[in-house]
Amino acid sequence: MPTTVELALLVFVLGCALGAAVLRDVLASVIAFAAYSLGVSIIWIVLQAPDVGLTEAAVGAGVMTILLLLALANTSRPSEERRFESISLRTAIVVVVFVAVMASTIPALPAIGGPDNPVVDGEVSQYYLDNAYDQTEVHNAVTAVLAGYRGLDTLGEAVVVFVAGVATLSVLRREDFA
């Protein structure tokens with residue numbers, strides 16, 4: 001059963017996603033998207049994936065928000081009275097069915113921190129703890145897993161963060177804020 005914090009995070013992320021999708025005010029939509037991305041990064045932390053959470057926070061909540069706000073600053077905002085986009089009934093039905101199907105898989109997931117959770121007490125974790133130093137010659141087991149066993153994945157995440165940072169700096173360098 002999900003905890004109160006997990007349910008609150010889920011409601012927050014779903015609310016932000018819905019807000020980003022249906023708000024007509026582009027600035028409000030960008031802010032809702034940034035909040036959504038920050039909520040997803042917190043979910044990754046709760047799911048014990050801090051590397052993915054850090055990448056989501058840096059790229060999704062950080063870099064993308066800056067780029068979207070810069071794009072918004074260079075465009076004009078039309079004045080309209082409607083605050084929300086209209087949603088077709090067919091689209092709403094498809095989304096609700098998809099969310100229901102995805103939600104039906106949640107009971108099959110192991111509980112986070114549960115006694116039979118393979119992440120905490122599994123053979124894979126024990127294998128890394130027993131063999132990390134001998135196979136990688138790195139004293140820290142977390143560093144051994146990130147750099148040795150998952151080196152290409154970690155390199156890919158580092159490249160994504162680096163490219164996002166370079167793109168942001170290049171856009172900021174060309175901006176005239178006068």
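Refer to the structure above for everything that follows.
Only a predicted model underlies this, so the values are computations on that prediction, with no experimental measurement involved.

Basis of the calculations
- Residues numbered from 1 in each chain as written.
- Predicted model: local features only at pLDDT ≥ 70, side-chain atom pairs only at ≥ 80, totals over all residues.
- Heavy atoms only, no water.
- Helix = DSSP H or I, 4+ residues; strand = E, 2+ residues; numbered from the N terminus.
- Expected span 1.5 Å × (residues − 1).
- Buried < 20%, exposed > 50% of the residue type's maximum accessible area, 1.4 Å probe, protein only.
- Contact = heavy atoms within 4.5 Å.
- Polar contact = N/O pair within 3.5 Å; in protein donor to acceptor, adjacent residues only side chain to side chain.
- Bend = angle between axes of the 7 residues up to and from the residue.
- Axes fitted to C-alpha atoms, helices over the stretch in contact; angles between N-to-C directions.
- Parallel < 35°, antiparallel > 145°, perpendicular 65-115°, else oblique.
- Left-handed = near helix turned anticlockwise from the far one by under 90°.
- Nonpolar A, V, L, I, M, F, W, Y, C, P; charged D, E, K, R; others polar.

## Brief notes about helix 2 (residues 26-46)
Thinking step 1. In this model helix 2 runs 30 Å from its N-terminal to its C-terminal C-alpha over 21 residues, within 8% of the 30 Å that 1.5 Å per residue would give.
Thinking step 2. Within helix 2 the residues assigned to the buried category are Ser29, Val30, Ala32, Ala34, Ser37, Gly39, Val40 and Ser41.
Thinking step 3. In the core, the buried residues of helix 2 are packed alongside helix 1 (4-22) and helix 3 (50-73).
Thinking step 4. At the C-terminal side of helix 2, Gln48 shows a positive phi close to 65 degrees.

## Observations regarding unusual backbone geometry
Leaving glycine out, the prevailing phi sign among residues is negative, and the prevailing peptide bond configuration is trans.
Thinking step 1. Residues other than glycine seldom take positive phi values, yet Glu137 does so here, at roughly 60 degrees.
Thinking step 2. Topologically, Glu137 is positioned in the loop between helix 6 (123-136) and helix 7 (141-149).

## Regarding the side chain of Ser37
Thinking step 1. By the secondary structure assignment, Ser37 is in helix 2.
Thinking step 2. Residue class for Ser37 comes out buried when judged on its relative accessible area of 0%.
Thinking step 3. A distance of 3.0 Å separates the side chain of Ser37 from the backbone nitrogen of Ala61, its partner in a polar contact.

## Considerations on helix 6
Quick reminder: α-helices carry 3.6 residues per turn. Residues three or four places apart thus point the same way.
Thinking step 1. For helix 6, with 14 residues, the first-to-last C-alpha span of 19 Å sits near the 20 Å given by 1.5 Å per residue.
Thinking step 2. At Asp130, helix 6 shows its largest bend, some 45 degrees.
Thinking step 3. Glu137 sits one or two positions beyond helix 6 and adopts a positive phi of about 60 degrees.

## Let's talk about the packing of helix 6 against helix 7
Thinking step 1. Interhelical geometry of helix 6 versus helix 7 gives an angle of 65 degrees and a closest axis separation of 9 Å. With respect to helix 7, the element helix 6 is oriented roughly perpendicular. Here the hand of the crossing between helix 6 and helix 7 comes out left-handed. Residues Tyr127, Tyr128, Leu129, Asn131, Ala132, Gln135 and Thr136 of helix 6 form the contact with helix 7, whose participating residues are Ala141, Ala144, Val145, Gly148 and Tyr149.
Thinking step 2. Split into classes, the residues belonging to the contact of helix 6 with helix 7 amount to 8 nonpolar, 4 polar and no charged.

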